[in-house]
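The lines below spell out each chain.
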Amino acid sequence: MAEVAEKVPFDRALRRWVRTYRFLLSIIFLAAGILLTVLAVGAFTPLSQTAPFPSIDSATDQSATGGPNYNLVFVVAGPIIVMIGCYLVGAYYIARRKFEHLMVTKSKAEFLRNLPELEDLLWDLTPNDELRYLDKKADLRIRR
């Protein structure tokens, strides 16, 4: 008989998906923040008279007809999203660099010394990196 595959809860599947595509999501977040910041700069500086900004501004600033002015939201949200995106991208790069350094080491002592830090780094990396970590532990014959 064929075994029925265990149904994974939605929250666990979502967390795994987010961990798998963490770097891509952080790049998208950073790009969205940059776009919002460019739209805000294009709305409130002399750039508002150049090529793409008048047509974009007519869609985002509807205050002339009594509607909302989304450009004001872009001024506040854009830089905040850029800072969060920069943090996410930077944290991923730093974690990746430290992880790769610890994975190429041949010294069992250095690996054991940095084991708690390595396990903390795995929270910022992908599930494939966790498998690499387990393989490295097996290669160095570390039980824990």
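Scroll up for the structure.
Residues numbered from 1 in each chain as written. Predicted model: local features only at pLDDT ≥ 70, side-chain atom pairs only at ≥ 80, totals over all residues. Heavy atoms only, no water.

**Student:** What should I look at first to understand the overall build of the chain in this one?
**Tutor:** Scanning the chain from terminus to terminus reveals seven helices and zero strands. Reading the chain from its N terminus to its C terminus gives the helix and strand order α-α-α-α-α-α-α. Its C-alpha radius of gyration of 23 Å places the chain more than 25% over the 15 Å reference for a compact globule of 144 residues. With the C-alpha coordinates of the chain rotated into their principal frame, the extents come out at 70 × 45 × 20 Å. Relative to its full complement of 144 residues, the chain shows a buried share of 28%. Within the chain, contacts between residues at least 6 apart in sequence are counted, and of these 64% link residues at least 24 apart. The positive charge centre, built from 18 side chains, and the negative charge centre, built from 15, are 8 Å apart in the chain. (Helix = DSSP H or I, 4+ residues; strand = E, 2+ residues; numbered from the N terminus. Rg over C-alpha atoms; globule rule 2.2 N^0.38 Å. Buried < 20%, exposed > 50% of the residue type's maximum accessible area, 1.4 Å probe, protein only. Contact = heavy atoms within 4.5 Å. Lys, Arg positive; Asp, Glu negative; His and termini not counted. Charge placed at Lys NZ, Arg CZ, Asp CG, Glu CD.)

**Student:** Would you take a moment to explain the pattern of salt bridges for this structure?
**Tutor:** Pairing of side chains with opposite charge becomes possible as their charged atoms draw close. Scanning the entire structure with this criterion turns up eight salt bridges. Taking the shortest distance from any N to any O, the salt bridge between Asp124 and Arg22 comes out at 3.6 Å. With Asp124 in the loop between helix H6 (115-121) and helix H7 (127-139) and Arg22 in helix H2 (residues 22-44), this residue pair connects regions lying 102 residues apart in the sequence. Two residues, Arg96 and Asp129, come together in a salt bridge whose shortest N-O distance is 2.6 Å. (Salt bridge = Lys/Arg side-chain N within 4 Å of Asp/Glu carboxyl O.)

**Student:** Just to check I follow, could you spell out a nonpolar patch on the surface for this structure?
**Tutor:** Taken together, the side chains of Phe29, Phe44, Leu72, Val75, Val76, Ile80, Met83, Ile84, Tyr87 and Leu88 present a nonpolar region at the surface, about 960 Å² in accessible area. Counting only elements with at least two residues in the nonpolar patch, the list comes to H2 and helix H4 (70-104). The leading source of residues in the nonpolar patch is H4, at eight residues. Considering the arrangement of structural elements, one finds Phe44 in helix H2. Judged by relative accessible area, Phe44 falls into the partly exposed class, the value being 46%. (Patch = residues over 30% accessible without salt bridge, like charges linked within 9 Å, V, L, I, M, F, W, Y side chains within 5 Å. Areas by Shrake-Rupley, 256 points an atom, 1.4 Å probe, with all protein chains shown as cover.)

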